[in-house]
Structures are given as structure tokens and as C-alpha cells.
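What follows is the residue order along each chain.
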Amino acid sequence: DAGITQSPRYKITETGRQVTLMCHQTWSHSYMFWYRQDLGHGLRLIYYSAAADITDKGEVPDGYVVSRSKTENFPLTLESATRSQTSVYFCASSEIAGGYNEQFFGPGTRLTVL
Amino acid sequence: TQLLEQSPQFLSIQEGENLTVYCNSSSVFSSLQWYRQEPGEGPVLLVTVVTGGEVKKLKRLTFQFGDARKDSSLHITAAQPGDTGLYLCAGVVYQAGTALIFGKGTTLSVSS
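So, here's what we can say about the structure.

Calculation criteria
- Position numbers for residues start from 1 in each chain and track the written sequence from start to end.
- Throughout, the order in which chains and ligands are written sets their labels, letters from A for the former and numbers from 1 for the latter.
- Owing to the predicted nature of the model, reporting of local features is limited to residues with pLDDT of at least 70; listing and counting of side-chain atom pairs is limited to 80 or more, with chain, interface and lining totals taken over all residues.
- Side-chain numbers come from the whole structure's heavy atoms, not from hydrogens or water.
- When checking whether two residues touch, look at their non-hydrogen atoms; a contact exists if any pair is within 4.5 Å.
- Defined here as a combined quantity, buried area equals the accessible surface (1.4 Å probe) lost by two parts on assembly, summed across both.
- Salt bridge, as used here, is a side-chain nitrogen of Lys or Arg placed within 4 Å of a carboxyl oxygen of Asp or Glu.
- The term polar contact refers here to a pair of N or O atoms within 3.5 Å; inside protein, the definition further demands a hydrogen-donor-capable atom paired with an acceptor-capable atom, and it admits residues adjacent in sequence only when both atoms are side-chain atoms.
- Numbering goes from the N terminus for both helices and strands, where a helix is a DSSP run of H or I of at least four residues and a strand is a run of E of at least two.
- Residues are sorted three ways: Asp, Glu, Lys and Arg are charged, Ala, Val, Leu, Ile, Met, Phe, Trp, Tyr, Cys and Pro are nonpolar, and all the rest, Gly among them, are polar.
- For this text, the term disulfide refers to a pair of cysteine sulfurs within 2.5 Å.
- Classification of residues uses two cut-offs on accessible area relative to the type maximum, computed with a 1.4 Å probe and protein chains only: under 20% is buried, over 50% is exposed, and between them is partly exposed.
- A pair of aromatic rings is counted whenever rings of Phe, Tyr or Trp (Trp by its six-membered ring) have centres within 6.5 Å, and the orientation is called stacked for planes under 30 degrees apart, edge-to-face for over 60 and tilted otherwise.

**Focus: the interface of chain A and chain B**
- Taken together, the 19 residues of chain A in the interface contact 22 residues of chain B.
- A buried area of about 1,500 Å², summed over both sides, lies between chain A and chain B, and 57% of it is on carbon and sulfur atoms.
- For the chain A face of the interface with chain B, the top three residues by lost area are Leu43, Gly99 and Tyr100 of chain A, together amounting to 31%.
- Taken together, the connections running from chain A to chain B amount to 0 salt bridges.
- Linking chain A to chain B there are 5 residue pairs in polar contact (both at pLDDT 80 or more).
- Those elements that provide at least two residues to the side of chain A that touches chain B are β4 (31-38) and β5 (42-51) of chain A.
- The greatest single-element share of the side of chain A that touches chain B, amounting to 3 residues, is contributed by β5 of chain A.
- Split into classes, the residues belonging to the side of chain A that touches chain B amount to 8 nonpolar, 9 polar and 2 charged.

Right, here's the structure in full:
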């Protein structure tokens, strides 16, 4: 299927466990992004990647790790999940960075940390 | 401190009414985008405005970028239930990298 997909769509985990959220895009977009969306905070950038093997921190990177070995995949790992990481996570991609190009968002992963 | 302030936070109106959503900042933006998000889905781009004073129309939606590129507005004429959703403004701060900054959003509910 063309587009941007995220898996799983829903995840419940416990404090201290490692969790990996997957993101896959079929457009060969250079840029990929991870956001978290929380009530009262809107969308906040966690990490982004300009190309394979190039990643950079966003506004709220603590507690998260990313990798990008292939252009189409951009997994987000919570190394030791905390309750404050309960959120809805969105992956996005775009051809170029900046605010002139559309960012295409995945459907989101709702993560609950107990 | 939120770089992009959206108002109102919530809006509940009847079908056929007009409404305006505001997105304000003390910073200058290179561009501003408006996204719409429906429950359980990711945001979808509605429009990008780049030039100060620019006005763009998308059917019943009118978007304006302020002359000083610090604010934007979204006006919906004759709202319909299908307009219900979360409206997000987002922009790139002028000469401050390429990261897209999002406002907290305006939740719009249009009832028939």
C-alpha cells in the first residue's frame, strides 16, 4: 500500500519496558519525523531525519532513540518506558524540510504506559 | 512558552454559522501551514501561506497570513458538520532552522 504506515496502532506496556514503534513510507521522502501529541501540548517534535543514517533531536528527545538504516523506515524506541511517555505518536514524512512542503502523517500509535 | 498561540481552543457552532480561528505569535515565520485532523487519524495539510498579507481560499475556507508574518487566520463560511475536527496551525520560525512548530489546535464541532 502506498503512503505512510505505523505499527502497532495501539500498545499497552509497563514502566521500564522497551518499546519500539515502527514507521514505514513508500514515497522515498528524504525527511521523516516523529511527534507526540498530548492534550494541552499539541504536537511536539521528538526526532527527525534528513536522510538514511542522519538523525537529529527535536523539542522533546529525552527517553527516546531513533535509527534510520533505510530511507523508508524510521523506528522510534523507548528504551525504558515511563508513564509520562503515554501519548499518541505520529510519524510524518516530507520531500524537503521547512514549512513549504506538506508533511504527510501516519495514522498514529496510541501508547499507554502503566 | 508556546510559540504559536491558537484561539479559541474549542468552538461549538450550528450548521450555517461563520467562524474564525486565530494563530498568533511574537515571532516572524517563514511560512505558516494549516492542518486538519480527524479523530483517530493524522493531520492533513489544508494550505501553506508564504507571503505577508497573502490570502488563500479553499472552497468555504479562507486563510490569511498577517502582513508582518507573525499571525494567521482561518475563516470558515457557512460551516457544515463535515468541517468538524481539530485545526492546527504550524510554521517555521524565520532564520531559526527548519523544524515545524505546531500550535495546540482548535477543536471545532459543527452540529446540524
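On we go.
**A word on the state of the cysteines**
Residue and element names in this part refer to chain B.
- Under the defined criterion, the tally for this structure stands at 2 disulfides over all chains.
- The disulfide partner of Cys23 is Cys89, and the S-S distance across this bridge is 2.0 Å. In this structure, the disulfide formed by Cys23 and Cys89 twists by about 75° around the S-S bond and is classed as right-handed. One end of the pair, Cys23, is in strand β3 (residues 19-24); the other, Cys89, is in strand β9 (residues 85-93), and 66 residues separate them in sequence. A single burial state applies to Cys23 and to Cys89, both of which are buried.

**Quick word on the packing of aromatic side chains**
- For the coordinates displayed, the defined rule picks out 11 aromatic pairs over all chains.
- Considering the side-chain rings of Tyr31 of chain A and Phe33 of chain A, the 6.3 Å spacing of their centres and the 15° angle between planes classify their relative orientation as stacked. The pair Tyr31 of chain A / Phe33 of chain A is uniform in exposure class, with both members buried.
- An aromatic cluster is built from Tyr31, Phe33, Tyr35, Tyr48 and Phe105 of chain A together with Tyr35 and Phe102 of chain B, whose rings are joined through pairwise contacts.

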